[in-house]
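Each chain is listed here by its residues.
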Amino acid sequence: MRVVVLSLFAVGVVTVTLSLQLTGVCADDDSHYYEPNEEVMLWINRIGPYHNPQETYKYFHLPFCKPEGDHHQKHKYAGIGEILQGHELMESGMHMYFAKNQPKTPLCNQVLTQKDAEKFKRAISQHYWYQFFLDDLPIWGMVGEIQATEEEILEMEAHPEREHEVKDSYIYTTKHLSIAYNGDRIIEVNLTSEDPVEAKAGQNIEFSYIVEWKKTNKPFEQRFNRYLDYSFFEHQIHWFSIFNSFMMVIFLCGLVSLILMRTLKNDYAKYRSEEVLDGMDHGFGDDSGWKQVHGDVFRIPNHLTLYTACYGTGMQLIFLVFGVIMLAILGSLYVDPGAMVSAALACYALTSIVAGYSSGSLYNQYFYPKPAPNWIRCMLLTAILLPMACFIVSIGLNIISWYFNTISVVPMKAFVWIFGIWLLFAAPLTVLGTVLGRHWNGATKFPCRVNALPRQIPEHQWYTHPVAIVLLTGWLPFGSIFIEMYFIFTSFWNYKFYYVYGFMLLVFIILAIVSVCVTIVAVYFLLNAEDYRWPWISFLASASTSGYVFLYSVYYFLVKTNMTGFLQTAYYFSYMALFCFALGLMCGKYNVLIMFFKFGRHIFDLNA
């Protein structure tokens, strides 16, 4: 009960803090209000191949000419979330003024060298796109086009590395900006690329831009709706998947009820009809099945420190995900670049008290009433388990990004900021949670006494073998979420804004219920096979859902995307591995909950 109170308090603090942070910012062009003829800044962000979302470079990675002045050296301040997402905004040098039309205006001109022409050809063949921001509204445009026949397009698709050799490439030289405004606020921005010029050595190219303003009645609050793909995310298949998962929940709840109400009831009736034998804990006789392991079921598992750290981190991830989803529902985090990452960092730091409380209390319970040895080691491992995994992945990707000179390299100051957040907030809250957990919830009395010597485990049938239980248990939870995984993967890897967080919340709840139900069944079969090694086996069984998600991500990469190259492949599978690691921790902790607090205590306590 106390862990729930502490967790809700932490989530409440996160909600209030981030709500104030996200709604209270008002400075410079972030205020979104403009006076007539006031200069409006157009910010350059990044450029890269369309099919490789993480392979992004600085805009002048391509040999574009630069406008006069030092515009490209002036950067917009970026928060930690924007930095981690690879945003680096700098002035474009295109001067425009609120509600004032601007005819075709030269920006700069250049004569292409052979090297420049080859770079542009290769970029155009790889469908390079760029991203601008105007008043926090994203704008996308293509660098150029290849004029080709249908046969030549098929040839390019068959040999992507030779695309630039098939047909001449053309660079768009004019950016036509059409900006809609309502009163003193910008509502909509459209970019049309015009005036293609062939990319060849010796070609004189003059880049220019046009700005056109028009009035609209669309309210400011709805200006981001045009970026949301309603037909995709609110398709009937999405609703059908939720209904299908709900029916699975009903089935599994019925199955668990059958085990609890019929099978166990018959076991209890048979047991109570027998004479209680002296010298036995609660009178367990010579029956086969789960009753035989009553003296070993609460034995300390191997690698207890790692086990409790995984449990604590998994419990923290539950409240972290719930907190971020609620913030996204209430605050539309997808509107502000980097807001989602910033919210996740804040939620992680403030919910660290949950990780410390959960792991500290569980660790202490195994040794109660004696003092728990090495509890500090457990606390430290809990504090660094997830951050260390993220750090290792980040360092590896940083080295790869640095080698390819992409904009995705995380600067040292970002690592310093994150380490400061961990040192000043996450680590102290983990220590506090561990101390509270050991004192408030560290005392327990197991229903059964643990025998001095472990009993021998009989030979398993194939369906009760630990490997079979682990592989089979994760299948149903994965079946309840794999449709939502498709929408999440598509939004992350294919430039769509995920906004249906109500769906995500329902799937999150369904995943929790299904994981609990299948873990109860797995633990029952395992104990009925007289195998008392339930802690790690059931943890891995419930966590195996993440293994199926990773296999699905491999299928998604091969079938649903056109990603190429070592850089993008490294980013894709590193992110997916980290995501599945966190998902496995979150799902795996349900085995401890059901065994320690409900199912396990119930079946081994005759008075339950």
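Below, the structure is looked at part by part. The shown structure was predicted, so the numbers you read here are calculated from the model rather than taken from an experiment.

A short note on helix α14 (residues 475-493)
Here is step 1: Of all the bends found along α14, the most pronounced is centred on isoleucine 481 and spans about 45°.
Here is step 2: Of the residues making up α14, those classed as buried are Pro477, Phe478, Ser480, Ile481, Glu484, Met485, Phe487, Ile488, Phe489, Thr490, Ser491 and Trp493.
Here is step 3: Once α14 ends, the next one or two residues include tyrosine 495, with phi positive near 60°.

Considering the packing of aromatic side chains
Here is step 1: Throughout the structure, instances matching the rule amount to 59 aromatic pairs.
Here is step 2: Measuring from centroid to centroid gives 5.0 Å for phenylalanine 557 and tyrosine 572, while their planes differ by 45°, and the two rings are tilted. Highlighted residues: phenylalanine 557 in helix α16 (residues 534-559) and tyrosine 572 in helix α17 (residues 566-588), separated in sequence by 15 residues. The burial state of phenylalanine 557 is the same as that of tyrosine 572; both residues are buried.
Here is step 3: Here the basic side chain of arginine 226 rests over the ring of tyrosine 227, its NZ or CZ set 5.4 Å away from the ring centre.

Remarks on the environment of cysteine 108
Here is step 1: With respect to the helices, strands and loops of the structure, cysteine 108 is situated in strand β5 (residues 102-111).
Here is step 2: In this structure cysteine 108 comes out as buried when scored by relative accessible area, which is 11%.
Here is step 3: Spatially, the C-alpha atoms of cysteine 108 and isoleucine 205 are 8.5 Å apart, while their sequence positions differ by 97 residues.
Here is step 4: Discounting chain neighbours no more than four positions away, the residues touching cysteine 108 are Cys65, Lys66, Pro67, Ile205, Glu206 and Phe207.

Comments concerning the pairing of strand β7 (residues 137-142)
Here is step 1: Summarising the sheet, strand β6 (residues 128-134) and β7 pair through 6 bridges and their orientation is antiparallel. If you follow glutamine 131 over to β7, its bridge partner there is tryptophan 140.
Here is step 2: Counted along the chain from β6 to the antiparallel partner β7, the turn is 2 residues long, and its residue aspartate 135 has a positive phi close to 55°.

What to know about the packing of helix α8 (residues 304-331) against helix α11 (residues 375-404)
Here is step 1: Running from amino to carboxyl end, α8 crosses α11 at an angle of 50°, the nearest separation of the two axes being 9 Å. Classed by the angle they form, the pair α8 and α11 counts as oblique. Viewed along their axes, α8 and α11 form a crossing whose handedness is right-handed. Judged by residue contacts, Thr305, Leu306, Thr308, Ala309, Cys310, Thr313 and Leu317 of α8 engage Arg377, Cys378, Leu381, Thr382, Leu385 and Leu386 from α11.

Here's the deal with the pairing of strand β11 (residues 204-215)
Regular strands show a simple pattern: their side chains alternate between the two faces of the sheet.
Here is step 1: Relative to β11, β5 is paired through 7 bridges, and the arrangement is antiparallel. Within β11, the position partnered with glutamine 110 by the bridge is isoleucine 205.
Here is step 2: The pairing of strand β9 (residues 169-182) with β11 spans 8 bridges and is classified as parallel. Across the sheet, residue isoleucine 179 finds its bridge partner in β11, namely tryptophan 213.

Digging into the sheet that holds strand β3 (residues 90-91)
Here is step 1: Strand order in the open sheet made by the 4 strands is β3-β2-β6-β7, with antiparallel pairing throughout. Two strands in the sheet have a free side with no partner beyond their single neighbour: β3 and β7.
Here is step 2: Sheet topology note: the strand β2 (residues 42-49)/β3 ladder contains 2 bridges and is antiparallel. Directly across from isoleucine 44, in β3, lies its bridge partner methionine 90.

Some words on the packing of α8 against helix α10 (residues 352-365)
Here is step 1: Viewed as axis vectors pointing N to C, α8 and α10 meet at an angle of 145°, and their least axial separation amounts to 7 Å. Relative to α10, α8 is oriented so that their crossing is right-handed. Residues Leu304, Thr305, Tyr307, Thr308, Ala309, Tyr311, Gly312, Thr313, Met315, Gln316 and Phe319 of α8 form the contact with α10, whose own contacting residues are Ser352, Val354, Ala355, Ser358, Ser359, Leu362 and Tyr363.
Here is step 2: Here the residues of the contact of α8 with α10 sort into 10 nonpolar, 8 polar and no charged.

Quick word on the pattern of salt bridges
Here is step 1: Enumeration over the complete set of coordinates arrives at 10 salt bridges.
Here is step 2: With a closest N to O distance of 3.4 Å, glutamate 530 and arginine 455 form a salt bridge. Of this pair, glutamate 530 sits in the loop between α15 (501-528) and α16 while arginine 455 is found in the loop between α12 (412-440) and α13 (466-473), placing the two residues 75 residues apart along the sequence.
Here is step 3: On the basis of relative accessible area, arginine 455 is assigned to the partly exposed category, the value being 24%.
Here is step 4: Linked through salt bridges whose partners overlap, the residues forming this network are Glu188, Lys218 and Arg226.

What counts, and where the lines are drawn
- Residues numbered from 1 in each chain as written.
- Predicted model: local features only at pLDDT ≥ 70, side-chain atom pairs only at ≥ 80, totals over all residues.
- Heavy atoms only, no water.
- Bend = angle between axes of the 7 residues up to and from the residue.
- Helix = DSSP H or I, 4+ residues; strand = E, 2+ residues; numbered from the N terminus.
- Buried < 20%, exposed > 50% of the residue type's maximum accessible area, 1.4 Å probe, protein only.
- Phe/Tyr/Trp six-rings, centres within 6.5 Å; stacked < 30°, edge-to-face > 60°.
- Lys NZ or Arg CZ within 6 Å of the ring centre and 35° of its normal.
- Contact = heavy atoms within 4.5 Å.
- Pairing = 2+ DSSP bridges.
- Axes fitted to C-alpha atoms, helices over the stretch in contact; angles between N-to-C directions.
- Parallel < 35°, antiparallel > 145°, perpendicular 65-115°, else oblique.
- Left-handed = near helix turned anticlockwise from the far one by under 90°.
- Nonpolar A, V, L, I, M, F, W, Y, C, P; charged D, E, K, R; others polar.
- Salt bridge = Lys/Arg side-chain N within 4 Å of Asp/Glu carboxyl O.

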